[in-house]
Amino acid sequence: MPIATAVHNVGLQVGMAFIQNDTAALPVLSKLVEIIKHLDEDRLAREPDQPLKPMVLRLLGAVDRGDRTEMKALLAALETADTSVLDAAHEIGWRMITFMTTKMATAALSD
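Reading guide: rules and limits
Counting restarts for each chain: residues are numbered from 1 in the order of the written sequence. Where totals are concerned, whole chains, interfaces and linings use all residues; where local detail is concerned, this predicted model gives features only for residues with pLDDT of at least 70, and gives and counts side-chain atom pairs only at 80 or more. Values reported for side chains reflect all heavy atoms of the structure, with hydrogen atoms and water molecules removed beforehand. Elements are defined by DSSP. Helices are runs of H or I of four residues or more, strands are runs of E of two residues or more, and each kind is numbered from the N terminus. Between buried and exposed lies partly exposed: a residue is buried under 20% and exposed over 50% of the maximum accessible area for its type, with that area taken using a 1.4 Å probe on protein chains only. When checking whether two residues touch, look at their non-hydrogen atoms; a contact exists if any pair is within 4.5 Å. Using a 1.4 Å probe, accessible areas were evaluated by the Shrake-Rupley method; residue-level cover was limited to the displayed protein chains. All axes are obtained by fitting lines to C-alpha atoms, using only the stretch in contact for helices, and the reported angles, taken between N-to-C directions, cover 0 to 180 degrees. Oblique is the label for any angle not covered by the other classes, which are roughly parallel (under 35 degrees), roughly antiparallel (over 145) and roughly perpendicular (65 to 115). It is the rotation of the near helix from the far one that decides the hand of a crossing: anticlockwise by less than a right angle makes it left-handed, clockwise makes it right-handed. The classification used treats Ala, Val, Leu, Ile, Met, Phe, Trp, Tyr, Cys and Pro as nonpolar, Asp, Glu, Lys and Arg as charged, and all other residues, Gly among them, as polar.

Asks: Before we go on, may I ask you to explain the overall build of the protein in this structure?
Replies: Regarding its fold elements, the protein presents six helices and zero strands. Traced from its N-terminal end to its C-terminal end, the protein shows the element sequence α-α-α-α-α-α. Split into buried and exposed, the 111 residues of the protein put 38% on the buried side. Nonlocal contacts in the protein, meaning residues at least 24 apart in sequence, comprise 70% of its contacts between residues at least 6 apart. Carbon and sulfur atoms form 56% of the exposed surface of the protein, whose accessible area is close to 6,300 Å².

This is the structure in structure tokens:
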């Protein structure tokens, strides 16, 4: 299984659980974010839905940890990221995760 497929599939499940306040997803989210940090960004950049999805997962991790610095940086990066991949009908889950994650991060920064 290509790494992008694994990030997509596991990230989708973990992301949906997180935005629904399922705390059982937190250990998996932490591990997935740690794995993503060590991936070859050049390789991921060749995948059509990358680096957007790992960026969203990293933002979820930053929200979970309350890391305001990382939240600011990732929100800024998401503003300029190509999100057109989320326009496809089958990406509804990732659209929801991206929307809710940015909403949670923005709310956390406004405190």
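From this point on, the discussion continues.
Asks: What am I meant to see in the packing of helix α1 (residues 3-19) against helix α6 (residues 92-110) here?
Replies: In a pair of packed helices, the angle between the axes and the distance between the axes together describe the arrangement. Close contact between α1 and α6 brings their axes to 10 Å; oriented N to C, the two are set at 50 degrees. Considering their axes alone, α1 and α6 lie oblique with respect to each other. Handedness of the crossing formed by α1 with α6: left-handed. Between α1 and α6, the residues in contact are V7, H8, G11, L12, G15, M16, F18 and I19 and G93, W94, M96, I97, M100, T101 and M104, respectively.

Asks: For this particular structure, what's the right way to read the packing of α1 against helix α2 (residues 26-37)?
Replies: With their axes 10 Å apart at the nearest point, α1 and α2 run at an angle of 140 degrees to one another. Viewed along their axes, α1 and α2 adopt a mutual orientation that is oblique. As for the relative orientation of α1 and α2, their crossing is left-handed in sense. Residues V7, V10, G11, V14 and F18 of α1 lie in contact with α2, whose contacting residues are L26, V28, L29, L32 and I36. Within the contact of α1 with α2, the residues separate by chemical class into nine nonpolar, one polar and no charged.

Asks: Just to check I follow, could you spell out the environment of V28 for this structure?
Replies: Mapped onto the elements of the fold, V28 is located in helix α2. Along the backbone, V28 and V10 are 18 residues apart, and their C-alpha atoms lie at a distance of 8.8 Å. The contact partners of V28, leaving out residues within four places of it in the chain, are V10 and V14.

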